[in-house]
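Topology and contacts: notes
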Amino acid sequence: MISWISWRILAVTFEGASTLRKEFWEYYPPSERELEILWRDGTIILDANVLLHLHRYGKKTRDEFVNALTRNSERLWIPYQVALEYQRNRLGVVHSQLDAYSKIEGLITESVENVSKGFAALKAHPVTEGPYLARFRRSVKALLDGISQQQSEHRDQLRGGIADDEVWRAVSDLYEGRVGPANTEEKLRRIYEEGAARYDEKVPPGYLDAGKEEPDRYGDLVVWKQILESVSADPRPVIFVTDDAKEDWWNRVHGKTTGARVELLREFAEASGGHRIHFYRPGEFLRRSGERLDANVSKSAIEEIRSVSKSEEDHASLLSREYNDLVARLGEARRDAEQYDHEISYLMGQISALDLDVDRLTSDAREANARLGSASQLAEDARSETEVKAAINMRSLAKHNLNERQVALSEAVDRRDRLRERLLFLQSRRTGLASDEIERLQARRRVLEQRLRRR
């Protein structure tokens, strides 16, 4: 048995020793006390994707979300990069929401045509003689009228045209005087340089955007750096609301999100002098707002927000897969182009060398032909048998020499012609690749990047 004295010795030995919760606090969820401090004193920062979602929510849900923010407007703050991304992408989201009505109407109209064709294909069947098709068309008409009415109401909300909608005005009012400063070009350059090293080491956030064009790939990192700079100057806890579900923001295990990346929590604590940042998705943020801020939050609003988040996450996942596949194909096309360029350069060098060979062999052949002429003339002018034999041998040697030069010249010309044909083929393929495949892939890449930025 361990005596009382032994227990006391152990207690003294471990007195003052650290604990798992103290040393590895970032792996544990915030305590109730920490949550109270966060919701009482913490600055609330919304990512650009959350602000853009306000244009996707129905009016009731949007009003509840804006009301929750308004009740705590004195604690709102927005990094300059978030504000910039919101302003750049707002009109694209508004346009896509309006375009959705026309797309839905097109799908419904196409379905009606398919059903009508199906009815027409049936002969002498009771279902074709009944009122079913007429009822179906009346129901569809009522549906289309409702969609058209909703589209009209949506357009009416854009007071003064698409450039001035009520959501934009509400966001502008909420963040009046609450936008962080812009980075200088020199500071952005340093962030980009640091980002390149961080992305190579898979240090969050933003490394999953490494395939994007520069400097767009560093957008998330710029946001994060602006948050850190803000709390370094004014230490405080932060509630960060984002609908970016990628693992360079969140810790994900077997498809489940277990919280924010611990690297980000520790980096924030070091920058803020020990304060905590806590991440929320928009639906959870609104739910907690109802509980802790006594905001009027309905269950239907939370469900709609989560539905939009899930839909956008699925869409973003599809876009990301398409984008990554496109980047891979673009890289392959560029490698093919580089290979073509390498082979074209090699062939041009070979052809240039053969041009010199052909010129030299042509000159040699002319000289050999001249020597053959001279030998033939000597044979005709020979007086003695000895002179005749010597001239004949000289002519034979000159003729052999001429034949060798002509064969070598013919082979050089044939090889040069084949290389020229190959060069023309490769140049044609390279031109087609540059003007068609690479440009098409680059254009599609730009479109996908714009769509991804709006999410």
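Residues numbered from 1 in each chain as written. Predicted model: local features only at pLDDT ≥ 70, side-chain atom pairs only at ≥ 80, totals over all residues. Heavy atoms only, no water.

1. Observations regarding the overall build of the protein
Counting its secondary structure elements, the protein contains 15 helices and five strands. Counting the 455 residues in the protein, one finds 37% classified as buried. Within the protein, counting contacts between residues at least 6 apart in sequence, those at least 24 apart form 80% of the total. Surface summary for the protein: the accessible area is close to 26,500 Å², and the carbon and sulfur share equals 52%. (Helix = DSSP H or I, 4+ residues; strand = E, 2+ residues; numbered from the N terminus. Buried < 20%, exposed > 50% of the residue type's maximum accessible area, 1.4 Å probe, protein only. Contact = heavy atoms within 4.5 Å. Areas by Shrake-Rupley, 256 points an atom, 1.4 Å probe, with all protein chains shown as cover.)

2. Some remarks on a nonpolar patch on the surface
On the surface, a nonpolar cluster with roughly 360 Å² of combined accessible area is contributed by Leu20, Phe24 and Tyr27. Relative to the elements of secondary structure, phenylalanine 24 occurs in the loop between α2 (20-23) and α3 (32-41). (Patch = residues over 30% accessible without salt bridge, like charges linked within 9 Å, V, L, I, M, F, W, Y side chains within 5 Å. Salt bridge = Lys/Arg side-chain N within 4 Å of Asp/Glu carboxyl O.)

3. Thoughts on unusual backbone geometry
The omega angle of the peptide bond from proline 204 to proline 205 is 0 degrees, so this bond is cis rather than trans. Residue position: proline 205 is located in the loop between α10 (185-200) and α11 (219-233). Residue glutamate 214 is joined to proline 215 through a cis peptide bond whose omega torsion reads 0 degrees.

4. Some thoughts on the confidence of the model for the protein
When pLDDT is averaged across the protein, the result is 82; 78% of the residues are at 70 or more. Confidence over residues 1-15 falls short of pLDDT 50; this stretch has one contact with residues more than four positions distant or in other chains. (pLDDT = per-residue confidence, 0-100.)

5. Considerations on the environment of valine 231
Along the chain, valine 231 turns up in helix α11. With 37 residues separating them along the chain, valine 231 and phenylalanine 268 place their C-alpha atoms 8.2 Å apart.

6. A few points about the packing of helix α5 (residues 59-70) against helix α9 (residues 166-174)
In the contact formed by α5 and α9, the axes pass within 11 Å of each other and the chain directions differ by 10 degrees. Considered as vectors, α5 and α9 are oriented roughly parallel to each other. Contact residues: Lys59, Arg62, Val66, Leu69 and Thr70 in α5; Glu166, Val167, Ala170 and Leu174 in α9. Each residue belonging to the contact of α5 with α9 can be placed in one class, and the counts come to five nonpolar, one polar and three charged. (Axes fitted to C-alpha atoms, helices over the stretch in contact; angles between N-to-C directions. Parallel < 35°, antiparallel > 145°, perpendicular 65-115°, else oblique. Nonpolar A, V, L, I, M, F, W, Y, C, P; charged D, E, K, R; others polar.)

7. Let's talk about α10
When the terminal C-alpha atoms of α10 are compared, their 23 Å separation across 16 residues agrees well with the 22 Å that a helix rising 1.5 Å per residue should span. Leu188, Ile191, Gly195, Arg198 and Tyr199 are the residues of α10 that are buried. One face of α10 carries all of its buried residues, which in axial projection span an arc of 85 degrees. Check the buried side of α10 and you find it contacts α11 and α12 (262-272). Following α10 by one or two positions, lysine 202 has its phi on the positive side, about 60 degrees. (Expected span 1.5 Å × (residues − 1). Arc of directions from axis to C-beta.)

8. Quick word on the pairing of strand β2 (residues 238-241)
A two-sided burial pattern is seen for β2, the buried positions comprising Val238 and Phe240 on one face and Ile239 and Val241 on the other. Pairing between strand β1 (residues 43-46) and β2: four bridges, direction parallel. Bridge pairing in β2 links isoleucine 44 to isoleucine 239. Inspection of the sheet shows β2 paired to strand β5 (residues 277-280) by four bridges, in the parallel sense. The partner of phenylalanine 240 across the bridge, within β5, is phenylalanine 279. (Pairing = 2+ DSSP bridges.)

9. Some thoughts on the packing of aromatic side chains
What characterises a pair of aromatic rings is the spacing of the ring centres plus the angle enclosed by the ring planes. Scanning all chains against the criterion turns up twelve aromatic pairs. Their ring planes at 20 degrees and their centres at 5.2 Å tell us that tyrosine 192 and tyrosine 218 sit as a pair that is stacked. With tyrosine 192 in helix α10 and tyrosine 218 in the loop between α10 and α11, the pair connects residues that are 26 residues apart, well separated along the chain. For tyrosine 218, a relative accessible area of 3% translates into the label buried. Here a set of aromatic residues connected by ring pairs shows up, and it is made of Trp39, Tyr57, Phe65, Tyr280 and Phe285. Note that arginine 90 overlies the ring of tryptophan 168, its terminal NZ or CZ placed 3.7 Å from the centroid. (Phe/Tyr/Trp six-rings, centres within 6.5 Å; stacked < 30°, edge-to-face > 60°. Lys NZ or Arg CZ within 6 Å of the ring centre and 35° of its normal.)

10. What about the layout of surface pockets?
In this structure, the second largest pocket encloses a volume near 670 Å³. Forming the walls of the second largest pocket are 29 residues, and the residues nearest its centre are Trp250, Thr257, Thr258, Gly259 and Phe279. Mapped by element, the contributors of at least two residues to the lining of the second largest pocket are β3 (250-253), β4 (256-260), α12, β5, α13 (282-292) and α14 (299-381). For the lining of the second largest pocket, a count of residues per class yields twelve nonpolar, seven polar and ten charged. (1 Å grid on protein atoms, 1.4 Å probe; cavity = no way out; pocket = protein on both sides within 12 Å on 5 of 7 lines; lining within 4 Å. Points joined across faces, edges and corners; volume = space filled by probe spheres on them.)

11. Describing a negative patch on the surface
On the surface, Glu411, Asp414, Asp417 and Glu421 cluster together into a negatively charged patch. Take glutamate 421: it is sitting in helix α15 (residues 385-453). (Lys, Arg positive; Asp, Glu negative; His and termini not counted. Charge placed at Lys NZ, Arg CZ, Asp CG, Glu CD.)

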